[in-house]
Amino acid sequence: MNWISKFIKPKLKSLFKKKSSQDKDTLWTNCSCNNLILKEDLFKNYHCCPKCGIHHKISCEERFKLTFDNGFYDLIESPEPIDDPLQFTDSKPYKDRIAAARKKTGQRDAMMIAKGKIQNIDVIVGAQNFFYIGGAVGIASGEIFINAVDQAIKNKIPLIFFSCSGGQKLQESGLAICMMAKTTLGVNELKKNNIPFIICMTNPTAGGVTASWASLGDVIIAEPGATVSFAGARVIKDTVREELPPGFQTAEYLLDHGQVDAVIERKYLNSAIGSLLNVLLKNAETQAKQDLNDTVTIDKSIQAAS
Ligand SMILES: [Zn+2]
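To keep things clear, this report deals only with the structure shown in the data block. Keep in mind that what you see is a predicted model, and the values were worked out from it rather than measured.

1. So, the coordination of the zinc ion
Moving on, step 1. Looking at the metal site, the zinc ion is ligated by Cys31 (SG), Cys33 (SG), Cys49 (SG) and Cys52 (SG), spaced 2.2 to 2.3 Å from it.
Moving on, step 2. What the four donor atoms of the zinc ion show is an angle range of 105 to 117 degrees at the metal, which sorts the shape as tetrahedral.
Moving on, step 3. Within one chain, the residues serving as donors to the zinc ion are arranged as C-x1-C-x15-C-x2-C.
Moving on, step 4. Note on Cys49: relative accessible area 2%, which makes it buried.

Okay, structure coming up:
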């Protein structure tokens, strides 16, 4: 067996390494429709396949460039919690997984936030990068989300969030689960302050992210074909022991069943979100005036009573 581990395995590894480094330099990429696409064409088409229309996964900065007017934005720094609170190790140490994800994506965490304009309206935008450990949410992402909420409330401007995650980080166990409650309370603060909150679910949005802030937007948009779920389809099928309907857990299926308000192609998101914000901001302004009138009325009745 020794000759297999000493000779064959390293040989195979070097062949795969060579292939992946060649892939990096090539002008072409592939799509799940089995077509080869020029990277430049994919880039020009908002990272959507020009042949089948599939919306490819993108990094946070690519998302910001496509979402903000003219691609202009300012990144917002967030607090940096400790990387590995439980000193978790499975097949390899969690710290090593974090280091590899940072090297691969150039991001400190799967989530990033930025400030800029959409259709000339000041907004905070948050995004998740699936290429960073599946966009999984731990303490760091939770704190970044709360920072986005704080910034939106402080500046009195809407918050738009692009979800893209497999759920909570198992490497941070109960601490990651706590982030579901913390982010939900964050959304509650937005609502108390009449700050519009728009969610755009992108492929995939799953687990604890679907079960917390991603389902709490004033308006919930999804990109075409995005998988949106809590548990996976296979788990559900094995549990209920029934065939699942066609298109189960896709954005279009959820639109038909009322969980999603609109399915919008990536190239129209800037203008669609801008139009929605105009409506929501008018409503928020009316609501704020109503709240003020109610407070004045209550104060007057208290004065009259005393
Ligand atoms: Zn394609």
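2. What to know about the pairing of strand β8 (residues 219-222)
Moving on, step 1. Because side chains alternate across β8, one face comprises the buried residues Val219 and Ile221, and the other comprises Ile220 and Ala222, equally buried.
Moving on, step 2. Examined bridge by bridge, strand β7 (residues 197-205) and β8 share four bridges and lie parallel to one another. Across the sheet, the residue bridging to Cys200 is Ile221, located in β8.

3. Some remarks on the environment of Asn45
Moving on, step 1. Take Asn45: it is sitting in the loop between α2 (39-44) and α3 (60-67).
Moving on, step 2. Judged by relative accessible area, Asn45 falls into the partly exposed class, the value being 25%.
Moving on, step 3. Residues Asn45 and Gly167, spaced 122 residues apart in sequence, show a C-alpha to C-alpha distance of 28 Å.

4. A short note on a nonpolar patch on the surface
Moving on, step 1. A cluster of nonpolar residues, Leu27, Trp28 and Leu36, forms a patch on the protein surface that exposes about 340 Å² of accessible area.
Moving on, step 2. Mapping Trp28 onto the fold places it in strand β1 (residues 28-30).

5. A few points about the side chain of Arg266
Moving on, step 1. Here Arg266 shows up in the loop between β9 (262-263) and α10 (269-305).
Moving on, step 2. Relative accessible area serves as the criterion here: at 4%, Arg266 is assigned to the buried category.
Moving on, step 3. If we ignore the near neighbours within four places in the chain, the residues touching Arg266 are Tyr46, His47, Cys48, His55, His56, Ile58, Arg63, Leu66 and Glu223.

6. A word on the sheet that holds β9
Moving on, step 1. Across the sheet, seven strands lie side by side as β3-β4-β5-β6-β7-β8-β9; this open sheet has mixed pairing. Both outer strands of the open sheet, β3 (73-75) and β9, are each paired with one neighbouring strand and no more.
Moving on, step 2. Two elements, strand β6 (residues 159-165) and β7, share six bridges in a ladder whose sense is parallel. Residue Leu159 lies in a different strand from β7, and its bridge partner there is Phe197.
Moving on, step 3. Against the sheet, helix α5 (residues 139-155) makes contact with β4 (111-118), β5 (121-128), β6 and β7, and its axis sits at roughly 25 degrees relative to β4, the strand it touches most.

7. Points about the pattern of salt bridges
Moving on, step 1. The final tally for this structure, using the stated rule, is 13 salt bridges.
Moving on, step 2. Notably, a salt bridge pairs Arg102 with Asp83, separated by 2.9 Å at the nearest N-O pair. Of this pair, Arg102 sits in helix α4 (residues 94-105) while Asp83 is found in the loop between β3 and α4, placing the two residues 19 residues apart along the sequence.
Moving on, step 3. Taking relative accessible area as the criterion, Asp83 reaches 27% and is therefore assigned partly exposed.
Moving on, step 4. We note a salt bridge from Glu143 to Lys182, for which the minimum N-O separation is 2.7 Å. Of this pair, Glu143 sits in helix α5 while Lys182 sits in helix α6 (residues 173-192), and the two are 39 residues apart along the sequence.

Reading the values: rules and limits
Residues numbered from 1 in each chain as written. Predicted model: local features only at pLDDT ≥ 70, side-chain atom pairs only at ≥ 80, totals over all residues. Heavy atoms only, no water. Donors = N, O, S within 2.8 Å, 3.2 Å for Na, K, Ca; no water. Tetrahedral: all angles 85-135°; square planar, octahedral: opposite > 155°, others 65-115°. Buried < 20%, exposed > 50% of the residue type's maximum accessible area, 1.4 Å probe, protein only. Helix = DSSP H or I, 4+ residues; strand = E, 2+ residues; numbered from the N terminus. Pairing = 2+ DSSP bridges. Patch = residues over 30% accessible without salt bridge, like charges linked within 9 Å, V, L, I, M, F, W, Y side chains within 5 Å. Areas by Shrake-Rupley, 256 points an atom, 1.4 Å probe, with all protein chains shown as cover. Salt bridge = Lys/Arg side-chain N within 4 Å of Asp/Glu carboxyl O. Contact = heavy atoms within 4.5 Å. Axes fitted to C-alpha atoms, helices over the stretch in contact; angles between N-to-C directions.

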